[in-house]
Each structure stands twice: as C-alpha cells, then as structure tokens.
Amino acid sequence: QVQLVESGGGLVLPGGSLKLSCAASGSISSFNVMAWYRQAPANVREWVASIAAGDSTSYAASVKGRFTISRDNAKNTLYLQMNGLKPEDTAVYFCHARTGASNFDSWGQGTQVTVSA
C-alpha cells in the first residue's frame, strides 16, 4: 500500500491562492493515476483533478482554469496549485493514487482548505 501525506492547506481570502502537496512513499512515475478529491461538510467526496501516467490531466468543470495539477517524479510529490479561490472551494482535500495491475486505491489523510473573508 502506498502512503500519501498531504500538506499546504490553510485559511485564505476569496481570490487568493494555495498550493497543496502530496508526498508519496513509492515511485509515482509508476502509478497508474494520481488525483485530488475534496469533501465539504455534509457533502460526498468529489473528484477535482487527475494526472495519468502519461502526464495527461483532467479537471472538474468547477475548477477548470483555476486549478493546476502537476507532479515531480524526482520528489515523488503531487501538487495542486489553486488560484482564484472561492468560498465554495472550502473542503478537506484528499490525495489519491491508483497503482498496480489490480488498480489498488490509496488515500491520504486530507488537508483542510478554508476560503473565507
């Protein structure tokens, strides 16, 4: 099982920026896909963005144009650059990895992002 540790969350004003990081215990260049999800209070966990083995990226409509997912294979770290933050972006953000032939899913513990004036 892959260990994932998120960091970089915090309190930010509307319109501000944050960059989340997710440090992985394995070699992320071999992962099938990595992604960010988020979960607001009383809501289901929702997909935010993903990056596949070939570095192709996908985004939820609600964050496209504002968020950028990237990774540094040398540091085994996944990132999420979040710009133009809105109060509705407030949530716990989770890092996800899918690995191996069996597509095993691993999750981090989450990091809180709060967008408020």
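Residues numbered from 1 in each chain as written. Predicted model: local features only at pLDDT ≥ 70, side-chain atom pairs only at ≥ 80, totals over all residues. Heavy atoms only, no water.

Chemist: Describe the overall build of the protein chain, listing the residues and the values that go with them.
Modeler: Helix and strand counts for the protein chain stand at 0 helices and 11 strands. Each helix (α) and strand (β) of the protein chain, taken in turn from the N terminus, gives the series β-β-β-β-β-β-β-β-β-β-β. Its C-alpha radius of gyration of 13 Å places the protein chain within 12% of the 13 Å reference for a compact globule of 117 residues. Seen through its principal axes, the protein chain has C-alpha atoms that stretch 45 × 25 × 25 Å. (Helix = DSSP H or I, 4+ residues; strand = E, 2+ residues; numbered from the N terminus. Rg over C-alpha atoms; globule rule 2.2 N^0.38 Å.)

Chemist: Just give me the short version of the state of the cysteines, but keep the residues and values in it.
Modeler: In this structure the tally under the stated criterion is 1 disulfide. Paired by a disulfide, Cys22 and Cys95 hold their sulfur atoms 2.1 Å apart. On the sign convention where negative is left-handed, the bridge of Cys22 and Cys95, at about -80° about the S-S bond, is left-handed. Of this pair, Cys22 sits in strand S3 (residues 18-24) while Cys95 sits in strand S9 (residues 91-99); the two residues are 73 residues apart in sequence, bridging distant segments of the chain. Assessed through its relative accessible area of 0%, Cys22 is described here as buried. Given the relative accessible area of 0%, Cys95 is considered buried. (Disulfide = S-S within 2.5 Å. Buried < 20%, exposed > 50% of the residue type's maximum accessible area, 1.4 Å probe, protein only.)

Chemist: An account of the packing of aromatic side chains is needed here, citing residue identities and associated values.
Modeler: Between two aromatic rings, the relevant description is the distance of the centres plus the angle of the planes. Within the structure shown, the criterion is met by 1 aromatic pair. Centre to centre, the rings of Tyr37 and Trp107 are 4.9 Å apart; their planes meet at 65°, and the pair counts as edge-to-face. Here the residue Tyr37 occupies a position in strand S4 (residues 33-39), and Trp107 occupies one in strand S10 (residues 104-107), the gap between them amounting to 70 residues. Stacked on the ring of Tyr79, the Lys or Arg Lys19 has its end atom at 4.6 Å from the ring centre. (Phe/Tyr/Trp six-rings, centres within 6.5 Å; stacked < 30°, edge-to-face > 60°. Lys NZ or Arg CZ within 6 Å of the ring centre and 35° of its normal.)

Chemist: Quick rundown of the sheet that holds S3? Include the residues and the values.
Modeler: Strand order in the open sheet made by the 4 strands is S1-S3-S8-S7, with antiparallel pairing throughout. Of all the strands in the sheet, just strand S1 (4-7) and strand S7 (67-72) have a single pairing partner and so form its edges. For this sheet, the mean inter-axis angle between neighbouring strands, taken without regard to orientation, is 15°. As judged from the 6 bridges shared by S3 and strand S8 (residues 77-82), these two strands associate in the antiparallel manner. Following the sheet pairing, Ser21 is matched in S8 by Tyr79. (Pairing = 2+ DSSP bridges. Axes fitted to C-alpha atoms, helices over the stretch in contact; angles between N-to-C directions.)

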